[in-house]
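Breakdown of the fold
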Amino acid sequence: MKISVIGAGYVGLVTGCCLAEIGHEVVCTDNDPAKLKVLESGGLPIYEPGLDRVIENARKDKRLRFLSDPGETIRSGDAIFICVGTPPLPDGDADLSAIDNVARLIATEARSPKLVVEKSTVPARTGQELKRALAVYGRKSGVELRVASNPEFLREGTAVGDFLHPDRIVVGVEDETAEKQLREIYRPVIERSFQCPIHTPKCPNGPAPSFVVTTINSAELIKHASNSFLALKISYANMVADLAEKLGADIEEVTQAMGMDPRIGSTFLKAGLGFGGFCLPKDLQAFVHLAERSGVDFSMLKEAEKINHGRIERFYEKVREMLWVIRGKQIGVLGLAFKANTDDVRFSPAIDMIRHLLAQGARIRAYDPEAVERAKAILPEIEYAKSPYDAAQDSEALVIATEWDEFRKLDWERVQKAMVRPLILDGRNLLSPKEMKARGFEYRCFGRASANA
Ligand code: UDX
């Protein structure tokens, strides 16, 4: 099928590239000329494992093009995926102005019937507004424009795999034609009939994805409710961690056993510095606002938000307890990205934590395998190290702020030699307290009484 993608941000790029990978003819546009230039020249403006291979395949087979002309992009596709940003407004509501702009463009530029697919994360009932906007802006054109919602559940760092091997594909539609079109678009994923670029020679066995057909309102709600539930889970685990520390228990043991109950599940129970990134915090905030506007008291979501904000202060208490005076001390930081396997530093707990330490007069020497360049743009006042060992050099404490796998397997003897004081403050519970102590480190983390005694 011919597909247009509006917005070459994270979601737009992964969606466009993966749709091309499964055999569609995709044209993608963005209103940022610099981003388009990088893409047109074969580069990628984001770091996402596996995406380079997918984009290369798609370009080789001439199934993916980037265009600066939004009108031409809109006219090229039978289905148009809206993947523009919906950033938070100062009051926490989602800013939907980009969606409104795109609706105007589609309504005025389309010359043939289109399926308009809302992929950006939006509050429930946005689909209805989008439908109305398309009708208003296109009232003279007479072109038929159908609306559907197809929320994304792409995690940064594993987004290509999430797109090609999802557990469910949710489509919110108003008629059978839209459902049929979306089923056709995702048919290769549902039937697993595409050549998988990430698993060679063959993909792991697993159940085929469910194709879930709902109303547009439900599809929008599914997305917000899912992300907010994940946020609740993390905040819950963080509170249990605080309690475990006081009661002499170990949060890792507790959550491991909790997670064995299939009703609970083992993921999103990792205690630490809390959740960040451009999705979870923003979606949670927008969901709180949506509930408030709808007259529903959903204060448990606010509590999850509050707990999450408190994680930085909680961690800072540990730093202060160990270092006593912070002013003038050099602290090495491992990790800047909001989580592992991404270069994204937006709403990163690591960055918040560094700002907190800077405000207390600490000197920071930070390292991240992928996120240094992006961090420099928002945090120019710190020193950037070339390796974990360089970050440890002459530091009085080494903070682990992002759960990168490479931080589990450092040459700890080398780290210890480089540091002024062998003190590890593990904000992601990445390491074993017992092992670190055996290696001669002082070690602090979240919710493990033995380590924090
Ligand atoms: C999220 C959703 O998971 C995805 O489905 C959605 O569509 C986009 O938003 P992403 O933003 O990539 O994906 O991040 P996610 O993997 O959800 O992690 C969010 C944050 O929570 C990270 O800062 C991570 O470090 C933190 N986290 C995650 C925890 O603190 N503990 C956990 O157990 C899991």
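Preceding block: the structure.
This structure is a prediction, so every number in the text was calculated from the model and none was measured.

**Considering the sheet that holds strand E11 (residues 383-384)**
- The sheet built from six strands is open, its strands ordered E11-E10-E9-E12-E13-E14 with parallel pairing. Looking at the sheet topology across the chains shown, the edges are occupied by E11 and strand E14 (442-444).
- Bridging between strand E9 (residues 330-334) and strand E10 (residues 363-367) involves five bridges; their strand directions are parallel. Across the sheet, Ile-331 pairs through a bridge with Ile-364, a residue of E10.
- Where helix H12 (residues 299-323) meets the sheet, its contacts fall on E9, strand E12 (397-400), strand E13 (423-426) and E14, and the angle it forms with E13 comes to roughly 170 degrees.
- Packing against the sheet, helix H13 (residues 349-359) makes contact with E9, E10 and E12, and its axis sits at approximately 160 degrees to E10.

**Some thoughts on the site of the ligand**
- By nearness alone, 21 residues border the ligand, and Glu-156, Lys-270, Phe-338, Lys-339 and Glu-403 come closest of all.
- Lys-339 places a polar side-chain atom, nitrogen or oxygen, 2.8 Å from an oxygen atom of the ligand.
- A total of 660 Å² of accessible area belongs to the ligand in isolation, and the protein chains cover 93% of it.
- Counted by class, the shell around the ligand contains 10 nonpolar, three polar and eight charged residues.

**Considerations on the pattern of salt bridges**
- On inspection of all chains with the given rule, the structure shows 36 salt bridges.
- Of the charged contacts in the structure, one is a salt bridge between Glu-156 and Arg-346, with a shortest N-O distance of 3.9 Å. One end of the pair, Glu-156, is in the loop between strand E6 (145-149) and helix H7 (159-164); the other, Arg-346, is in the loop between E9 and H13, and 190 residues separate them in sequence.
- By relative accessible area, which is 36% here, Arg-346 ends up partly exposed.

**Quick word on the packing of helix H1 (residues 10-21) against helix H3 (residues 51-60)**
- For the pair H1 and H3, the least separation of the axes is 9 Å and the interaxial angle reads 50 degrees. With respect to each other, H1 and H3 are oriented oblique. As H1 runs across H3, the sense of the crossing is left-handed. Packed against H1, whose contacting residues are Leu-13, Val-14, Cys-17, Cys-18, Ala-20 and Glu-21, the element H3 presents Leu-51, Val-54, Ile-55, Asn-57 and Ala-58 at the interface.
- Along the lines of polarity and charge, the residues of the contact of H1 with H3 split into nine nonpolar, one polar and one charged.

**Remarks on the environment of Ser-387**
- Looking at the secondary structure, you find Ser-387 in the loop between E11 and helix H15 (388-392).
- Along the chain, Ser-387 and Met-436 lie 49 residues apart, while their C-alpha atoms are 20 Å from each other.
- At 3.0 Å, the side chain of Ser-387 and the backbone nitrogen of Asp-390 are in polar contact.

**Considerations on the packing of aromatic side chains**
- For the structure on display, the rule yields six aromatic pairs.
- When the ring of Tyr-367 is compared with that of Phe-407, the centres are 6.2 Å apart and the planes differ by 65 degrees; the resulting orientation is edge-to-face. Taken together, the residues span a long stretch of sequence, with Tyr-367 in strand E10 and Phe-407 in the loop between E12 and helix H16 (412-418) at a distance of 40 residues. Across the pair, Phe-407 and Tyr-367 agree in class, each one buried.
- Directly above the aromatic system of Phe-153 lies the positively charged group of Arg-168, at a separation of 3.7 Å from the ring centroid.
- When the ring centre of Phe-278 is taken as reference, the NZ or CZ atom of Arg-346 above it lies at 4.1 Å.

Conventions used here
- Residues numbered from 1 in each chain as written.
- Predicted model: local features only at pLDDT ≥ 70, side-chain atom pairs only at ≥ 80, totals over all residues.
- Heavy atoms only, no water.
- Pairing = 2+ DSSP bridges.
- Helix = DSSP H or I, 4+ residues; strand = E, 2+ residues; numbered from the N terminus.
- Contact = heavy atoms within 4.5 Å.
- Axes fitted to C-alpha atoms, helices over the stretch in contact; angles between N-to-C directions.
- Near = heavy atom within 4 Å.
- Polar contact = N/O pair within 3.5 Å; in protein donor to acceptor, adjacent residues only side chain to side chain.
- Areas by Shrake-Rupley, 256 points an atom, 1.4 Å probe, with all protein chains shown as cover.
- Nonpolar A, V, L, I, M, F, W, Y, C, P; charged D, E, K, R; others polar.
- Salt bridge = Lys/Arg side-chain N within 4 Å of Asp/Glu carboxyl O.
- Buried < 20%, exposed > 50% of the residue type's maximum accessible area, 1.4 Å probe, protein only.
- Parallel < 35°, antiparallel > 145°, perpendicular 65-115°, else oblique.
- Left-handed = near helix turned anticlockwise from the far one by under 90°.
- Phe/Tyr/Trp six-rings, centres within 6.5 Å; stacked < 30°, edge-to-face > 60°.
- Lys NZ or Arg CZ within 6 Å of the ring centre and 35° of its normal.

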